[in-house]
Structures are given as structure tokens and as C-alpha cells.
Amino acid sequence: MCGIVGYIGKRNALPILINGLKRLEYRGYDSSGIAVLQPPDIWMRKRQGKISQLELEIEAENPAGTTGIGHTRWATHGAPTRENAHPHFSCGNKIAIVHNGIIENYSMLKDELMAEGHLFISQTDTEVLAHLIEYYYTGDLAAAVRTALNRVEGTFGILAVAAEEPDCIVAARRGSPLLIGIGDDETFMASDGSALVEHTRKVIYMEDDEMAVLGAENVTIRTLQDAHVHRPAEELPFRTSDIRKGGYPHFMLKEIFEQPDTMVDSMRGRLLIEEATAKLGGLEGFWDAIRGSSRLIITACGTSWHAALIGEYLIENFAKIPVEVEYASEFRYRDPIISSKDTILAISQSGETADTLAAVREAKRKGALALGLCNVVGSTIARETDAGVYLHAGPEIGVASTKAFTSQVIVLTLIALALGRMKQLSAEEGARIVNALGSLPDLTRKVLANVDVVKALAKKMAVHNHALYLGRGFNYPVALEGALKMKEISYIHAEGYPAAEMKHGPIALIDRKMPVVLVAVRDPVYEKVLSNIEEVKAREGWVIAVVSEGDTMVKHLADEIIEVPAITQCLTPLLTVIPLQLLAYYTAVEKGCNVDQPRNLAKSVTVE
Ligand code: M6R
């Protein structure tokens, strides 16, 4: 949600900032802006729309300047207009800031500053911060930022510059990620490693309530209370090739096709074939506490919540530990009953989702053991949980989550398997699951090879305005996920339901114009799903069924079928979800939608 970049060094800052913003555009893309120091002034351009539009606007100018900051926005306070775009300036245009997060007490601060004569030109909360820093500024930017931030309530990742101090950028964070990239005689800043990796893999992750004063050759970090911080640099866990499209037209398609490899990466070194179990280094030392828990609460949002539902089935099945799945956004506000006997498992691709983070904090406050399952290394949820497991799926740039989902389900399977083997799961059962996991990447390749069938179907789907997705058991969350993918990127109104629930309401919607996507693989509920298909056909619905290879029964009932190879029941979601990802993708492409940057969405939702 919003992206921040900064540069200080010997090179011209502008192209570095523009390129960095392009790398972060997936985090927010309704407006953008750049400020470059040109003492005694600060040069600035901003505009509504995509970075490419900003780039076009400034192409002819190419301002000289080796210190600058930039921002790409996902609007929270104020419409996505030029005025509301960052950077924001103080009255005298001598201080500029870019900000991610929300200043909760901005209204009170704004009244106070207006009474002091400050003039505001935007509707944003961020502009207040620029004026507040100006209010305290007496020639020392770091001191003014510290005093200002100590008056602020809310979350921030900020970069600030002052016209009078061209040799420094001040950075600060609370609840919004900020990384410092260390180069040779140059320093980079970004809210996300993907904007840094082309320049350096040596990074320092800032922590909450820290402030950094950054020069071309020096980095000084102190807390907002002015205590010294020593933190060595770490290596970014990915490379430049991971953030390029690699010949695909969209990141989403690349990420769908990467899944056979990302599945392997999520399992790498984690399967113990001899012992028919899984080993997860991040949970070593915590297994006794987890299996001794009275219950496991899995909390997440969006796609990660769908993975959590599958996790519930897996863990209850293999380990017989009671599991509850909660929307993080609801969990945090409903005063949940939690005790030190509970374990909470937060699932988040980005590791920055505000609701999920708040749920973790709430559970920790009440004494629960908190575990995290994140993709982004060093993310806030990964750092704030007591222990956890990384997905190792590599950077996910497409706003619609795909490879992170399958890696989440794999890691949940490994957790369930390890817990199960510690409890009641037999070695024989364990070995069956380990073998099935081993066969997954090849089977996934087989599903992907069937892409043309899905492409043809997408052409027909694209003319519809609504769709219903149905599944049962392990594939009920897949129906939810298929519908979410479809609505996110194609804007077709799609709803996911447990198939048997259809007759309790949604059946009223079915007529010959209603596409109904059913997951109908051979599993213990197969016969029941056949009846659900009959019910749809009796009302002339258009049935697209995802079926097991060689199926003949559904073939006679459904209008269209997509085959997936057979695999043990609990792993079927990992194969059935893939055609649904592809169906959403090709439908959106057919409709001419911007697949990687769907309207109104942002990759990481760091606000409530
Ligand atoms: O980063 P997280 O996994 O915490 O994100 C949760 C949701 O915001 C995310 O899954 C969202 O639903 C995606 N756009 C789904 O494609």
C-alpha cells in the first residue's frame, strides 16, 4: 500500500527514483511524485495516474540533483488527485516528505498548525507531518523530525528532506516497512526490497520507532527516544531476475507458471522421507507448546484466509488439534477469548497486513503463543511473532495472489504432517503424504500444460457479469479463492459457496446466464457434488467443472470440463486452484483489464 523510495549519492537521483517507483508500483498506483534537492530549493513534480505518466511529464526536464525522494500512492485520506499525491511540502516549500501509513491524530494537529498560520493545500493526513516538521525546524532536520514524530499517533514510514541540508535524508518508521540499501558511496531507501535489489543486496531493515539519518557514505540509526541503535546489514533474499517478468506479459501469469518451482522451494529441506514427516527449523523448540495448545487459531485476510481454511481441515485431520479460522479484521475487534493455552497462527504473504498484525498483537497481549507464516523475509509479522515459517515463494508482484497461496497450503500441510506424526498419524499415512507432496510439482506442470482449454473457456466467461463458484470439503476454500481471483482482476461479480449451501439461497440466481464453476474431483464428497451439478443443470445453469483426469460421470452432466491429475484428497486444492487462477487471468485479459494492477486494489493492505 503506497511505495516509498529515496536516494542519496553521487549519481543523478531522478532515474534511480523513477525506476524504484516502477518496481513499487504494484503497492499502489493512483498517483505518484518525486522531489529532488536543488539547493536552495527542492524541485518537485507529481501527478495523478501511473508512474509512466509522471515519467512522460518530466522526461524533458531531467533535473540535476543527487538527493531525492519519491512516492507511489494508494489513496486513503483524500481522492487520488495531484494535490493529494506525495511528496508533501511545508509552507515555505523548504521541507518535503513522503509517507506510508496513517496519521491518526492529524485533524487535531492540523487545527493547531492552522491556528499558527500554516496553509494546507491537500486533504491528506501526510501534509500535517510536513508542516509539523517545519514548525519544529531550526536548521536540524533530524531533530525536527524526532520532535514532530513524538507528537504523532498512528503509523508511518517516512523520508524527509530539507532544502538547507542537501547531504541528508531522514527516515523513520512505525508500523510501515522501511529498508536502507547500502551501496558504494551511495545509500538507497525503499519500503520494499524489490526497489533496492537492482542496486544492492546489502540492506538494513528499520524497526518500529527508529529514525535514520542517511548520507551517501554514512547511516546513523537512533530510536525516536534518541538511543543509539547498532544493526548490521543483511542480504536481501532474492535477486533482480525475481522481480522481472521474464518474458511473460504479466507478473500474475509468470507467478502462476512459477508454481511447480515455488512448491519445491517451499518444501526444500523440509521433508524427512525416512521418518515420514516434516521438519520446520522455524518451529524447532515450539512443537511441545503447539501440540499442547488447547486450540490453534489461524487468522488471516483474503487469499491467506482461504489457505487458512484448508489449514484447518489439514491440522484437524492429521493432528486432531481443534482449529478455528478467523478473519483478522474481525478477530481484532471482537474481544476474542484467548488464553495462554492457545496458539495463534497468522498467515500473510506480505507480512504487513494491518489487520493481521493487529490480531497477532491482540493474541500476544492475552498470552497466546504467536506463530507467523509469511513470504516476505523480515516483514513486521515475521518479526513480531514468537516463531514461524517462511514460504520461500520469492517476491509476488501481481496484486492477485497466486504462488503465495499454493506455498501457504504446502507449509500448512507440512505443519499438519509434523504435528500429526508427533500425535496419532501413522508412519504409513505420513509416507503417503510425503510421497504425494513429492509428486506435486510434476502434476502441477501437467495442469499448466492444459492452459489452452482454460483460455478457450475464458473467452466464453468474459461476456458474463456474474459467476458462482462451488466446492466441498478441501475444495470449498478453493471455490472461495477462485471467485476472489475472478472478481479482483476481471471485475466479474463472483461468489464462492460450499456447494451444498447453494440450495439454501444462491440457487435462486441460477438461470442459463449464470456460469457455475464447480470443483468436482474424485474424493469422498464426489457423489454429493454430482447431485449439486444436477441441481444447477435442472435450472439451465452453465456448468464448468474441474474434474479428476479420466472422469466420465461429470462429463455427461457439465457443459465444460477441466481435468486435473489425481492426487491424495488433502492435496487436491493445490491442483484444482490452478485452472481457476488461469481462468481469472485469461478472462481479465479477454476483457482488456489491467491484470497486475486491478482497480482500487493494492498488494499489501497496511491500513485498517
Ligand atoms: O499479504 P497478505 O497475505 O496478508 O494479504 C492478504 C490479502 O490482502 C490478499 O490475500 C488479497 O486478498 C489479495 N489481493 C488476493 O489476491
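Here the residue numbering is sequential within each chain, running from 1 through the sequence in written order. Owing to the predicted nature of the model, reporting of local features is limited to residues with pLDDT of at least 70; listing and counting of side-chain atom pairs is limited to 80 or more, with chain, interface and lining totals taken over all residues. Values shown for side chains rest on all heavy atoms present in the structure; no hydrogens or waters enter the calculation.

Draft legend 1. Region of the structure containing the domain arrangement of the protein. These domain boundaries are the output of an automatic or database domain assignment. Segmentation of the protein into domains returns domain 1 (2–242), domain 2 (247–443) and domain 3 (450–595). Each of domain 1 and domain 3 was reduced to a C-alpha centroid, and the two centroids are 45 Å apart.

Draft legend 2. Representation of the pattern of salt bridges. Only one rule defines a salt bridge in this text: a Lys or Arg side-chain nitrogen within 4 Å of an Asp or Glu carboxyl oxygen. Taken as a whole and judged by the stated rule, the model has 39 salt bridges. Note that Glu324 and Arg295 form a salt bridge whose closest N and O atoms lie 3.0 Å from each other. Taken together, the residues span a long stretch of sequence, with Glu324 in strand β19 (residues 323–327) and Arg295 in strand β18 (residues 295–300) at a distance of 29 residues. Given the relative accessible area of 32%, Glu324 is considered partly exposed. The salt bridge partner of Arg295 is Asp342, with a shortest N-O separation of 3.0 Å. Here Asp342 lies in strand β20 (residues 342–348) and Arg295 lies in strand β18, a separation of 47 residues in the sequence. A 1.4 Å probe rolled over the protein chains alone gives each residue an accessible area, and that area as a share of the maximum for its type sets the label: buried under 20%, exposed over 50%, partly exposed in between. According to the relative accessible area criterion, Arg295 is buried, its value standing at 18%. Counted as one network, the salt bridges with shared partners bring together Arg173, Asp208, Arg361 and Glu384. A run of H or I in DSSP becomes a helix once it reaches four residues, and a run of E becomes a strand once it reaches two; helices and strands are each numbered from the N terminus.

Draft legend 3. Highlighting the sheet that holds strand β13 (residues 219–223). Taken in spatial order, the seven strands line up as β5-β6-β7-β8-β12-β13-β14 in an open sheet, and their pairing is antiparallel. The open sheet has two free edges, formed respectively by β5 (88–89) and β14 (228–229), since each of these has just one partner strand. On top of the sheet, helix α4 (residues 126–136) reaches β5, β6 (95–100) and β7 (156–162); it is set at about 140° to β6, its chief contact. Lying on the sheet, helix α5 (residues 141–149) is in contact with β7, β8 (169–174), β12 (210–214) and β13; it crosses β7 at an angle near 145°. Two strands qualify as a pair provided DSSP detects at least 2 bridges between them. The contact criterion used is simple: two residues touch if any of their non-hydrogen atoms lie within 4.5 Å. An axis is simply a line fitted to the C-alpha atoms; with a helix, the fit covers only the stretch in contact. Between two such axes, the angle follows the N-to-C directions and lies from 0 to 180 degrees.

Draft legend 4. Geometry of the pairing of β18. Extensive coverage of β18 is indicated by the burial of six of its six residues. Neither face of β18 is exposed, since Arg295, Ile297 and Thr299 on one face and Leu296, Ile298 and Ala300 on the opposite face are all buried. Alignment of β18 against β19, held across five bridges, turns out to be parallel. Paired with Thr299 across the bridge in β19 is Glu326. Note on handedness: a clockwise path from strand one over the helix to strand two, with the strands aimed away from the viewer, defines a right-handed crossover. In this region the chain leaves β18, passes through helix α9 (residues 302–319) and returns to the parallel neighbour β19; the handedness of that crossover is right-handed.

Draft legend 5. Seen up close, unusual backbone geometry. The amide bond that connects Pro39 to the next residue, Pro40, takes the cis arrangement and shows omega of 10°. Take Pro40: it is sitting in the loop between β2 (31–38) and β3 (41–48). For the peptide bond that leads from His86 to Pro87, omega is 0°, which places it in the cis range. One non-glycine residue, Asp226, adopts positive backbone phi at about 75°. Of note in the backbone geometry, Lys320 takes a positive phi value of approximately 55° without being a glycine. Secondary-structure assignment places Lys320 in the loop between α9 and β19. Here Lys320 falls in the exposed class, since its relative accessible area comes to 51%.

Draft legend 6. Molecular detail of the sheet that holds strand β21 (residues 369–374). On the basis of which strands lie adjacent, the open sheet formed by five strands has the order β19-β18-β20-β21-β22 and parallel pairing. Where the open sheet ends on each side, the last strands, each with one partner, are β19 and β22 (387–390). Going across the sheet, the axis of each strand differs from the next one's by a mean of 20°, ignoring polarity. When β21 meets β22, the two strands line up parallel, connected through four bridges. Paired with Leu371 across the two strands is Ala387, which belongs to β22.

Draft legend 7. Highlighting the site of the ligand. For the ligand, the set of nearby residues contains 14 residues, the closest of which are Ser304, Ser348, Ser350, Thr353 and Glu488. Nitrogen and oxygen atoms within 3.5 Å of one another constitute a polar contact, given that in protein one can donate a hydrogen and the other can accept it, and given that sequence-neighbouring residues count only through two side-chain atoms. Between the ligand and the protein, one listed contact pairs an oxygen atom with a side-chain N or O atom of Thr353 at 2.4 Å. Protein coverage of the free-state accessible area of the ligand, which is 410 Å², stands at 91%. At the level of secondary structure, the elements contributing two or more residues to the shell around the ligand comprise α9 and α16 (476–490). Among the residues forming the shell around the ligand, the class breakdown is four nonpolar, eight polar and two charged. Note on definitions. A residue lies near a molecule or strand when any single heavy atom of the residue is within 4 Å of it. To measure how exposed things are, a 1.4 Å probe is used in the Shrake-Rupley method; for residues, cover is taken only from the protein chains shown. Amino acid classes used here: Ala, Val, Leu, Ile, Met, Phe, Trp, Tyr, Cys and Pro are nonpolar; Asp, Glu, Lys and Arg are charged; the rest, including Gly, are polar.

Draft legend 8. Quick peek at helix α19 (residues 572–590). Each residue after the first adds 1.5 Å to the expected span of a helix. An ideal rise of 1.5 Å per residue puts 27 Å on 19 residues; α19 measures up with 28 Å between its terminal C-alpha atoms. With 17 of 19 residues buried, α19 lies mostly within the body of the structure.

Draft legend 9. Inspection of the pairing of β3 at higher detail. Sheet topology places β2 next to β3; eight bridges connect them, and they run antiparallel. Within β3, the position partnered with Gln38 by the bridge is Asp41. Between β2 and the antiparallel strand that follows it, β3, lie two residues.

Draft legend 10. Representation of the environment of Leu575 in the model. Turning to its location among the elements, Leu575 is positioned in helix α19. With a relative accessible area of 1%, Leu575 lands in the buried category. C-alpha of Leu575 to C-alpha of Glu134: the two residues are 441 residues apart in sequence and 56 Å apart in space. Apart from residues lying up to four places away in sequence, Leu575 is in contact with Leu440, Leu443, Thr444, Val447, Val564, Pro565 and Ile567.

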